[in-house]
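The residues making up each chain are set out below.
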Amino acid sequence: MCGIMGYVGTKPAAPRLLEGLSRLEYRGYDSAGIALAGEREVRVFRCAGKVAELADLVAARGMGTETAGIGHTRWATHGPVTEGNAHPHRAGHVTLVHNGIIENYAALEQEMAALGRKPLSQTDTEIAAMVLDAAYGGDPVTAIRRMMEKLEGSYAMAILFDDKPGTLYAVRRGSPLVVSGNEEGTWIASDITPLLAHVRRYFVPEEGQILIATATGTVLVDAAGSVAAPRWLPIDWDDASAQKDGYPHFMLKEIMEQPQALWKTLQPRLGEDGCVSFSGDGIPSAFFRKCRRVIITACGTAMHAGLLGKIAMERMARIPVTVEIASEFRYAGPILDADTLVIVISQSGETADSLAALRLAKEKGARTLSVVNCKGSSIARESQYVLYTHAGPEIAVASTKAFSVQILALYMIADQLALGRGDYGPAQRLAWAQSLRRAEALAARTLRLAPQIKEAARELKDAENLFYIGRGMDSAMASEGSLKLKEISYIHSEAYPAGELKHGAISLVTFRVPVVAIATQESVRVKMLSNIREVRARGARVLLITREGWQPEEGLCCQVMSLPAEEDILAPFSVAVALQLLAYYTAVERGLPVDQPRNLAKSVTVE
Ligand code: M6R
């Protein structure tokens, strides 16, 4: 979603802003712009298009010598994708970029109209700029505070004032923003990816704090007007981990990284006795004690990981677990208390819906634990405890390695929840930890099937509609496989629990609708085979994803992909890789922009 960049320092700002924006491209965007603060004027460059086009525009007009500026990649929310709606927006003395949504912009627009101010764009952002300019009397901090009192919604903003050319201001509420600095100056960005090449530490301004940045450093002013100390966080990702490293796409690189990501996530949680332990994460075992039920809430792929976590937790801990889509959870009037554990799963840690669900859970007194990949993100900071996954940066919009490590994290949590059960003793714990150690090898062995999966993708590439079906854990995997295919190949697909198909949707199955049937679960194998026969009888071409050694009868399936899997509960670590590769190669066959699919954003920071 929208990306924000800011730089103030001793070097020319334009190339640094453009380089930073190109590192933020992965978040998903449709237009871009920068503003450069000079002594006499603020130069604004904008275009509806890619950062490369913006760079050409700036180069044509002159990169300039300005040493302060702000930049933006826009993911349209208010008004179409046009140059006029691209950020930065100017109003009077003010130039700003914004990520988020100003919910009361219509009322504020009327207020501004009463002052004789009319916007040029259709954006909520320009209204915020007008509100800020109307409040400006020479003191930026006072004006920003007044603006914040008026704005409703979520925002991160980087701001320039015409008469303060060497100073950059920033503020956030409900949207991400990180800050860092080195001898070259101060950097502001929506996330740490543009900072990786420059610095090894950063901080996140608290909501409501105002950041004042100059070439020599930063000052944070809190709501009461006092200077606040930043809480610095180390950066433990390196710049190389956010590069393609010879792969044609980030998505393929990230799929290939899954074995290491699984090991890096598991290894620090294996105690001296070989069992799962969260002591290094500072999560006491007592936190899980007397927990009567669990609610897992998340969005998209992270929510699918939650479906698998539910099965593992209910099996192992025998406590009820529900999985709620975060954007629905908040409005469903959930019943929460201190004996309810709410687990929020998020790769980015900034998904607005998931963050809102977390805040509600806290407000209602539930225990909260987050499973997050991005260190220091809002969800990680605001939950009671955080269990970090160690997938490293995930740049492709389609989530892959983050999904596998989320499943692993939830499986580890299942162990901690099961501790309350009398019959879950050291032997069972050790056996479980040994099972988890096998996840890495299962993912690695499945990666070796890439050439075969590529062939299967050729069969799918011209389909207009298809079904993914499965039972039990495979039903959750069907949902994830279908989502992956939809988002990057633009082929319509539906995921169905295989037994449910005959209750309606089977009417859509014809020889033109291929079916990806996932059958890795021993416990439902026979039933699953019956469901496959049902779709085959209606002419569907079936791609069967199953376990090594399971061979269906002749003629039932057009293609069979046999994956390594030793027990039902571990199958998702193989199936995830296979389904990701299937979606990836299908999108490549169709010649689509795999890493940045249309309309999508990596980090969805609006509700
Ligand atoms: O950063 P999060 O894990 O909170 O993101 C949640 C979803 O937006 C995300 O998983 C999305 O569904 C992916 N693009 C799917 O590949």
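Residues numbered from 1 in each chain as written. Predicted model: local features only at pLDDT ≥ 70, side-chain atom pairs only at ≥ 80, totals over all residues. Heavy atoms only, no water.

## Brief notes about empty space enclosed by the protein
Going through the model one piece at a time under the given rule, you end up with five cavities of 30 Å³ or more. Its volume calculated, the largest cavity comes out at about 300 Å³. What lines the largest cavity is a set of 27 residues, and nearest its centre among them are D191, I192, S348, E350 and C374. The residue makeup of the lining of the largest cavity, split by class, is 11 nonpolar, eight polar and eight charged. Counting the residues that make up the lining of the largest cavity, at least three belong to each of domain 1 (2-235) and domain 2 (243-437). (1 Å grid on protein atoms, 1.4 Å probe; cavity = no way out; pocket = protein on both sides within 12 Å on 5 of 7 lines; lining within 4 Å. Points joined across faces, edges and corners; volume = space filled by probe spheres on them. Nonpolar A, V, L, I, M, F, W, Y, C, P; charged D, E, K, R; others polar. Domains from an automatic or database assignment.)

## Observations concerning the layout of surface pockets
Any empty space left between atoms is shown by rolling a water-sized probe over those atoms. Put simply, the largest pocket is a space of about 580 Å³. Contributing elements (two or more residues each) for the lining of the largest pocket: α8 (300-317), β18 (340-346), α10 (352-363) and α15 (473-489). Among the residues forming the lining of the largest pocket, the class breakdown is 11 nonpolar, 10 polar and five charged. When residues of the lining of the largest pocket are assigned to domains, at least three fall in each of domain 2 (243-437) and domain 3 (450-589). (Helix = DSSP H or I, 4+ residues; strand = E, 2+ residues; numbered from the N terminus.)

## A word on the site of the ligand
Among the 14 residues in the neighbourhood of the ligand, the closest are listed as S346, Q347, S348, T351 and E487. A distance of 3.0 Å separates a nitrogen atom of the ligand from a polar atom in the backbone of V397. At a separation of 2.8 Å, an oxygen atom of the ligand approaches a polar backbone atom of S399. Burial of the ligand by the protein chains amounts to 91% of its free accessible area of 410 Å². The cavity where the ligand resides is the largest pocket. Where the shell around the ligand is concerned, the elements lending two or more residues are α8 and α15. Counting contributing residues per domain, the shell around the ligand is built from domain 2 (243-437) and domain 3 (450-589), each supplying no fewer than three. (Near = heavy atom within 4 Å. Polar contact = N/O pair within 3.5 Å; in protein donor to acceptor, adjacent residues only side chain to side chain. Areas by Shrake-Rupley, 256 points an atom, 1.4 Å probe, with all protein chains shown as cover. Sits in = over half its atoms within 2 Å of the grid points.)

## Side note on the sheet that holds strand β9 (residues 178-182)
Here we have six strands laid out as an open sheet, ordered β3-β2-β4-β1-β10-β9, and antiparallel in their pairing. Edge positions in the open sheet fall to β3 (42-47) and β9, since each of these has one partner strand only. For this sheet, the mean inter-axis angle between neighbouring strands, taken without regard to orientation, is 10 degrees. In this sheet, strand β10 (residues 185-189) lies alongside strand β1 (residues 3-9) in antiparallel orientation, the contact comprising five bridges. (Pairing = 2+ DSSP bridges. Axes fitted to C-alpha atoms, helices over the stretch in contact; angles between N-to-C directions.)

## Overview of the pattern of salt bridges
Opposite charge on two side chains permits pairing when their charged atoms draw close. What the rule picks out here adds up to 34 salt bridges. The salt bridge involving R43 is made with E66; its shortest N-O contact spans 2.7 Å. Taken as a pair, R43 in strand β3 and E66 in the loop between α2 (51-61) and β4 (68-74) lie far apart in primary sequence, 23 residues in all. Each member of the pair, R43 together with E66, is buried. Overlapping salt bridges bring together R438, R445, E548, E566 and E567 as one network. (Salt bridge = Lys/Arg side-chain N within 4 Å of Asp/Glu carboxyl O. Buried < 20%, exposed > 50% of the residue type's maximum accessible area, 1.4 Å probe, protein only.)

## A few points about the packing of helix α7 (residues 258-266) against helix α12 (residues 401-418)
Running from N to C, α7 and α12 point in directions that differ by 30 degrees, and their axes come no closer than 9 Å. Put simply, α7 runs roughly parallel to α12. In this structure, the crossing between α7 and α12 has a hand that is right-handed. For the pair α7 and α12, the contacting residues are Q258, A261, L262, T265 and L266 in the first and K401, S404, V405, L408 and M412 in the second. Counted by class, the contact of α7 with α12 contains six nonpolar, three polar and one charged residues. (Parallel < 35°, antiparallel > 145°, perpendicular 65-115°, else oblique. Left-handed = near helix turned anticlockwise from the far one by under 90°. Contact = heavy atoms within 4.5 Å.)

## Let's talk about the packing of aromatic side chains
Scanning the model with the defined rule gives 11 aromatic pairs in all. With 4.7 Å between their ring centres and 50 degrees between their planes, Y7 and W187 make a pair best called tilted. With Y7 in strand β1 and W187 in strand β10, the pair connects residues that are 180 residues apart, well separated along the chain. Each member of the pair, Y7 as well as W187, carries the same accessibility label: buried. (Phe/Tyr/Trp six-rings, centres within 6.5 Å; stacked < 30°, edge-to-face > 60°.)

## Some remarks on helix α17 (residues 571-589)
In a regular helix each residue adds 1.5 Å, so 19 residues correspond to 27 Å; α17 covers 27 Å between its end C-alpha atoms and thus fits that length. Burial analysis of α17 places 17 of its 19 residues in the buried class, the great majority of the element. (Expected span 1.5 Å × (residues − 1).)

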